[in-house]
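# Results of the structural survey
What follows is each chain in one-letter form.
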Amino acid sequence: MNIDLMTQSTYSIRQALGIAVMRQAMHQDPQSVAVLLSDMKNVNAKVMENAVSPHKGGNIDISI
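Residues numbered from 1 in each chain as written. Predicted model: local features only at pLDDT ≥ 70, side-chain atom pairs only at ≥ 80, totals over all residues. Heavy atoms only, no water.

Here we come to the overall build of the protein chain. For the protein chain, the count of helices and strands is 2 helices and 0 strands. Residues counted as buried form 6% of the 64 residues belonging to the protein chain. As displayed, the protein chain has an accessible area near 6100 Å², and 61% of this comes from carbon and sulfur atoms. (Helix = DSSP H or I, 4+ residues; strand = E, 2+ residues; numbered from the N terminus. Buried < 20%, exposed > 50% of the residue type's maximum accessible area, 1.4 Å probe, protein only. Areas by Shrake-Rupley, 256 points an atom, 1.4 Å probe, with all protein chains shown as cover.)

What follows is the structure, given as structure tokens:
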């Protein structure tokens, strides 16, 4: 139950930060806003990929 509350809190913080970044971006030129949105989409995709397989890339198997 405690983990669920932490997850919701983390999501809420991410959402608030995203809104703050968007507000700052609105005061910039359209090209910068487009790049910012594209980067946010890429980061979200990478976060979801890591959430699905968190063990991937964590260990190296070596045989000698």
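Below, the discussion takes up the layout of surface pockets. Volume-wise, the largest pocket comes out at about 330 Å³. If you go around the largest pocket, the residues you meet are Tyr-11, Arg-14, Gln-15, Leu-17, Gly-18, Val-21, Leu-36, Asp-39, Met-40, Val-43, Asn-44 and Val-47. At the level of secondary structure, the elements contributing two or more residues to the lining of the largest pocket comprise α1 (2-25) and α2 (30-52). In the lining of the largest pocket, the residues fall into 7 nonpolar, 3 polar and 2 charged. (1 Å grid on protein atoms, 1.4 Å probe; cavity = no way out; pocket = protein on both sides within 12 Å on 5 of 7 lines; lining within 4 Å. Points joined across faces, edges and corners; volume = space filled by probe spheres on them. Nonpolar A, V, L, I, M, F, W, Y, C, P; charged D, E, K, R; others polar.)

The residue Val-21 is located in helix α1 in this model. Look at Val-21 and you get partly exposed, because its relative accessible area is 31%. The spacing of Val-21 and Leu-36 is 15 residues in sequence and 8.9 Å in space, taken between C-alpha atoms.

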